[in-house]
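Here's the letter readout for the chains.
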Amino acid sequence: MLSTFETPAFKGNMSVTGNNAIASARALAESSAQLVSACDSNPEEISTAAKSTLGSAMSLLGNVQGACRLMDDKVIKHNLTAAARAVANSTNKLLNAAEQQRHDVSKDPKAQSKPSAAASDVVEKISVVVNAASDMPGGWNAKKM
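Reading guide: rules and limits
- Residues numbered from 1 in each chain as written.
- Predicted model: local features only at pLDDT ≥ 70, side-chain atom pairs only at ≥ 80, totals over all residues.
- Heavy atoms only, no water.
- Helix = DSSP H or I, 4+ residues; strand = E, 2+ residues; numbered from the N terminus.
- Buried < 20%, exposed > 50% of the residue type's maximum accessible area, 1.4 Å probe, protein only.
- Contact = heavy atoms within 4.5 Å.
- Areas by Shrake-Rupley, 256 points an atom, 1.4 Å probe, with all protein chains shown as cover.
- Expected span 1.5 Å × (residues − 1).
- Arc of directions from axis to C-beta.
- Core = buried A, V, L, I, M, F, W, Y, C linked by side-chain atoms within 4.5 Å.
- Salt bridge = Lys/Arg side-chain N within 4 Å of Asp/Glu carboxyl O.

Caption draft 1: Spotlight on the overall build of the chain. Looking only at helices and strands, one finds six helices and zero strands in the chain. Going from N to C terminus, the chain has its helices and strands arranged as α-α-α-α-α-α. Evaluated residue by residue, the chain yields a buried proportion of 43% over its 145 residues. Taking contacts inside the chain between residues at least 6 apart in sequence as the whole, the part at least 24 apart equals 78%. Only carbon and sulfur atoms are counted for the fraction: they give 53% of the accessible area of the chain, which is about 7,500 Å².

Set out below in structure tokens:
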């Protein structure tokens, strides 16, 4: 996921605003919560929820990449890109934790708590994206969303 984001060929969403980046961050938070819910109560839905989470993360990365291409402010670009990388890394950890739980036949309570902890980290990183996006043109409404 992150390797795609960092390639020169990845242009992202070229007609994005700060509010688009925030909306995709919110969608990622929601899909992460659904993934944790599937891990906790409905293991057969983990694959579907993981695909949704991955799609939401890719949407966020596309919106961030597109927004950065449209901005001149290097500080905002740097902050937003760094925040998006952190979200991508946290999302990868969440997806890995969900996959491990899906294949865990021991039902170890310690292993079962990993997706929840990873999702909390994703949400924490998303808040950094929201703060960075609020500095973008069109991001003035970000914290109200």
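Caption draft 2: Structural view of helix H6 (residues 114-133). In a regular helix each residue adds 1.5 Å, so 20 residues correspond to 28 Å; H6 covers 29 Å between its end C-alpha atoms and thus fits that length. Within the span of H6, buried status applies to Pro115, Ala118, Ala119, Val122, Ile126, Val129, Val130, Ala132 and Ala133. Angularly, the buried residues of H6 cover 155 degrees about the axis, an arc narrow enough to put them on a single face. Among the exposed residues of H6, those oriented more than 90 degrees off its buried face are Ala117 and Glu124.

Caption draft 3: Quick peek at the nonpolar core. Leu28, Leu35, Leu60, Leu80, Leu94, Ile126 and Met136 are the most contacted members of the largest nonpolar core, which totals 36 residues. Only helix H2 (18-41), helix H3 (46-70), helix H4 (74-103) and H6 provide two or more residues apiece to this core.

Caption draft 4: Focus on the pattern of salt bridges. Taken as a whole, this structure holds one salt bridge when the rule is applied. Among the ionic pairs, Asp121 bridges to Lys125, the shortest N-O distance being 2.8 Å. With a gap of four residues between them, Asp121 and Lys125 both fall in helix H6, about one helical turn apart.

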